[in-house]
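Architecture and fold: a report
So the chains spell out like this:
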Amino acid sequence: MAASDVKLLGARPSPFVNRVQVALNLKSIDYEFIPQNLAEKSELLLKSNPVHKKVPVLIHGDQPISESLVIVHYVDEVWSGPPSLLPADPYDRATARFWAAYIDEKWSPLVRNLINATDEQSKAAAAEKVFEGLKLLEDAFVNSSKGKGFFGGEKLGFLDVVLGCYLGWVRAGEIITGLKILDETKTAALVGWAERFTSNKAVDGVIPEPEELVSFMKMQARAAAAADASSK
Amino acid sequence: MEEVKLFGYWVSPFCRSVEIALKIKGIQYEYIEEDLTNKSPQLLQYNPVYKKIPVLLHNGKPIAESMVILEYIDETWKNNPILPKDPFEKARARFWANFVDQKCFPALWKTIWSTSEQYEQNKAEALERLKVLENELGGKRFFGGDSIGMVDIVANFIGFSFRTIQEALKLDVFTEDNFPKLWEWAENFVNCSPVKKCLPPQDKLIANFPPAYMGKTLVSSFQSRLQLPPPGGC
């Protein structure tokens, strides 16, 4: 598949974009990464995702696909050869999708709350909620991996990609809060999994270093404060 | 032997989605109505993370979250598919199902719980969402084409319950004038045989959303009985 047939509109710091990158890497698909300036959205982005105007957008041939989980499913179905990203069994697929939805809708907002917490009390309360969620994910990992290294078993799969691409932000959160979020005394299995995920070839170079994400966050906060000040 | 059970609640559109899919596939199932103020031990056991309905139990294995359940049903029982076969069309269907679920339903729901001060703003948001949907429907009979598919199923609230509640509360969000294509879709949708069998009784819906209701603060027990997001929570 020629690189020009597959384009990814994205932004490096986005874990949702990173998911698509890892999925394409796992399938050994060549693609053109077209970085987007989210403060000044391109014609191409607005045309390709008119409903949400967000990244990632995968453009395959001339067909755009939006929403990271929809795109990962699409990649798995179009390039259906090994490795499969989703499990073969429908019940295992349902379990993976359930946890993907939990991670996106429930757990990641908790991490955001923790990173944005302004005082020690709310930080501690937010941390407690994050750890509660991680305990659920630890159990999910143990059940899903069946003794192997990844949620997907022997190899990286859908749920590894979904959770794994948040690891940059989790590490950035640890720097910002001074707390250990992935803690081997609390969720040892996930700590081991995180190391295996980040050192996997398909992930290499995709997720920005935590320091880069911390700078990015600070830059965004400054931009938001400036916009706030200028609108007053 | 297949054993299929559905733990549900009569008014929940998320449960209706699952039932419509089961009916489309002709799957025999046992329906268990939950009392959301007194949830059964089975529900708490089968959905410990959220403790919510719907939960589908297939041969003793529980699946929670309506969108996850719909995909499971389509992958397990291959007759009368609710998702297209082509990967791009399938991706489109999933995109629009997410849009209905995450953008349309909350916006419409907010209009129902609006105080009179909030109503115009909430209505404006709902109208915007419905407009996007109307454009997407275009000239198609259903979002799924000639027959109903996942997007139509997930939009069941728009098709039936919302119009009933809207009429009871004298709201003017989803009107035939504003959205002629969507209105026609709704008429066709509620007359589909699998859908007809699943709709909550109209008089019961109206009784639970009396006209005197709009703009009043919710009684918390009523709110939890409905197990649907409160005004601020959408």
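You'll find the structure just up there.
A brief look at the structure comes next. (Residues numbered from 1 in each chain as written. Chains lettered and ligands numbered in written order. Predicted model: local features only at pLDDT ≥ 70, side-chain atom pairs only at ≥ 80, totals over all residues. Heavy atoms only, no water.)

Focus on the packing of aromatic side chains
Residue and element names in this part refer to chain B. Counted by the stated rule, this structure contains 27 aromatic pairs over all chains. Centroid distance Phe 105 to Phe 157: 4.9 Å. Interplanar angle 75°. Geometry classified as edge-to-face. Residue Phe 105 is found in helix H4 (residues 87-112), and its partner Phe 157 is found in helix H7 (residues 156-169); the two are separated by 52 residues along the sequence. Judged by its relative accessible area of 4%, Phe 157 falls in the buried class. Put simply, the rings of Phe 14, Phe 105, Trp 109, Trp 113, Phe 157 and Phe 162 pair up and form one aromatic cluster. One cation-aromatic arrangement involves Arg 163 over Trp 183; the distance from NZ or CZ to the ring centre is 4.5 Å. (Phe/Tyr/Trp six-rings, centres within 6.5 Å; stacked < 30°, edge-to-face > 60°. Helix = DSSP H or I, 4+ residues; strand = E, 2+ residues; numbered from the N terminus. Buried < 20%, exposed > 50% of the residue type's maximum accessible area, 1.4 Å probe, protein only. Lys NZ or Arg CZ within 6 Å of the ring centre and 35° of its normal.)

Here we look at the environment of A:Ala88
Along the chain, the position of A:Ala88 falls in the loop between helix H3 (68-78) and helix H4 (90-116). Separated by 10 residues in sequence, A:Ala88 and A:Val78 have C-alpha atoms that sit 15 Å apart.

Observations regarding the side chain of B:Arg16
Inspection of the secondary structure assignment puts B:Arg16 in helix H1 (residues 13-24). Other than its neighbours up to four places away in sequence, B:Arg16 contacts B:Tyr9, B:Trp10, B:Val11, B:Tyr31, B:Asn156, B:Cys198 and B:Pro200. (Contact = heavy atoms within 4.5 Å.)

Some words on H4(A)
All names here are of chain A. End to end, H4 covers 38 Å across 27 residues, agreeing with the expected 39 Å (1.5 Å per residue, within 8%). Helix geometry: H4 is bent most strongly at Ile 103, by close to 40°. Sitting at the head of H4, Asp 89 places a side-chain oxygen 3.1 Å from the backbone nitrogen of Tyr 91. (Expected span 1.5 Å × (residues − 1). Bend = angle between axes of the 7 residues up to and from the residue. Polar contact = N/O pair within 3.5 Å; in protein donor to acceptor, adjacent residues only side chain to side chain.)

With respect to the pattern of salt bridges
All names here are of chain B. Taken as a whole, this structure holds 21 salt bridges over all chains when the rule is applied. Residue Arg 16 pairs with Glu 19 through a salt bridge whose shortest N-O separation is 2.9 Å. Pair noted here: Arg 16 and Glu 19 are both in helix H1, with a separation of three residues, about one helical turn. Both residues of the pair, Arg 16 and Glu 19, count as buried. (Salt bridge = Lys/Arg side-chain N within 4 Å of Asp/Glu carboxyl O.)

What to know about the interface of chain B and chain A
Between chain B and chain A, the residue contacts involve 24 residues of the former and 25 residues of the latter. Taking both partners together, chain B and chain A bury about 2,100 Å²; carbon and sulfur atoms supply 70% of that area. Ranking the residues of chain B by area buried against chain A places B:Tyr50, B:Phe88 and B:Phe95 at the top, with a combined share of 27%. For the pair chain B and chain A, the number of links is four salt bridges. Between B:Arg94 and A:Glu77 there is a salt bridge; the shortest N-O distance is 3.1 Å. (Buried area = accessible area lost by both parts, 1.4 Å probe.)

Here's the deal with the environment of A:Phe16
All names here are of chain A. Structurally, the position occupied by Phe 16 is in helix H1 (residues 15-26). In this structure Phe 16 comes out as partly exposed when scored by relative accessible area, which is 30%. Put simply, Phe 16 and Ala 125 are 109 residues apart on the chain and 27 Å apart in space, counted from C-alpha to C-alpha. Discounting chain neighbours no more than four positions away, the residues touching Phe 16 are Pro 56, Ser 68, Asp 104 and Tyr 166.

By themselves, these observations are geometric and do not establish any function.
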